[in-house]
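Given next are the chains, with one letter for each unit.
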Amino acid sequence: ENNDKVGVLFFSDKIEKFIPAKKGKTHVLHIIRELLSFEPESKGTDIAGALEYFANAQKRRCAAFLISDMIGAGSEIEKPLMIAANRHDLHAIQVYDHRDSEIPDLGLVKLNDAETGARIWVDTHIRSVRDDYAQAWNRQQTTLAALWTKTGTNNVQIRTDQDYVKALMKLFKV
């Protein structure tokens, strides 16, 4: 309705597709079609590379949204995040499943790393295994919180089993 320009950058461990920002309903429908049908070529993740590409490709200041599960993101994204946040109005949206934060007691399970394809058997009945996993998740969240604060990036977490509207409203009230 505001006739704003909209663009999108799809990334994995490389830049998969970049659609520069344009105005118009036709362009927005094109982006929606791409969002619904996009299949990445790679399974890896390189948030730092995507932020660097974005900061170089988007010359004019804009509102930008980094949408990711942020799994594995750490200090390597600090510099590109700082650059992108200084040039643009950057908002980070972490989308995650509640099972990403804790492993239930299911006994022996086979876990598959979606990015590398590596498989490992884990005995989730062992309390220390579940505790170590939860602690690793908490360390990751603490690292991300420090990054958001240091770089001045607005952020919100959205769990896949909860209402996203409240979380997004919180993000835009900042």
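Above this note sits the structure.
The text that follows walks through the structure, step by step, so that each part is easy to find. (Residues numbered from 1 in each chain as written. Predicted model: local features only at pLDDT ≥ 70, side-chain atom pairs only at ≥ 80, totals over all residues. Heavy atoms only, no water.)

**So, the overall build of the protein chain**
Next, step 1: On a plain count of helices and strands, the protein chain comes out with five helices and seven strands.
Next, step 2: When the helices and strands of the protein chain are placed in sequence order, the string is β-β-α-α-β-α-β-β-β-α-β-α.
Next, step 3: Overall, the C-alpha framework of the protein chain stretches about 55 × 35 × 30 Å when taken along its three principal axes.
Next, step 4: Out of the 174 residues in the protein chain, the part that is buried amounts to 32%.
Next, step 5: Counted over contacts in the protein chain with a minimum sequence separation of 6, partners at least 24 positions apart contribute 64%.
Next, step 6: Accessible area of the protein chain: about 11,600 Å², with a carbon and sulfur share of 52%. (Helix = DSSP H or I, 4+ residues; strand = E, 2+ residues; numbered from the N terminus. Buried < 20%, exposed > 50% of the residue type's maximum accessible area, 1.4 Å probe, protein only. Contact = heavy atoms within 4.5 Å. Areas by Shrake-Rupley, 256 points an atom, 1.4 Å probe, with all protein chains shown as cover.)

**Re the packing of aromatic side chains**
Next, step 1: Counting across every chain of the model gives four aromatic pairs.
Next, step 2: Measuring from centroid to centroid gives 5.6 Å for F18 and Y53, while their planes differ by 75°, and the two rings are edge-to-face. Of this pair, F18 sits in strand β2 (residues 15–22) while Y53 sits in helix α2 (residues 47–57), and the two are 35 residues apart along the sequence.
Next, step 3: By relative accessible area, F18 is classed as partly exposed at 28%.
Next, step 4: We classify Y53 as partly exposed; its relative accessible area is 34%.
Next, step 5: Where F65 meets F172, the ring centres are 5.8 Å apart and the plane angle is 65°; that geometry is what we call edge-to-face. On the criterion of sequence distance, the pair formed by F65 in strand β3 (residues 63–68) and F172 in helix α5 (residues 164–172) is long-range, its members being 107 residues apart.
Next, step 6: Judged by relative accessible area, which is 40%, F65 ranks as partly exposed. (Phe/Tyr/Trp six-rings, centres within 6.5 Å; stacked < 30°, edge-to-face > 60°.)

**Concerning the environment of M169**
Next, step 1: With respect to the helices and strands, the residue M169 is situated in helix α5.
Next, step 2: As a C-alpha pair, M169 and V156 span 13 residues in sequence and 9.7 Å in three-dimensional space.

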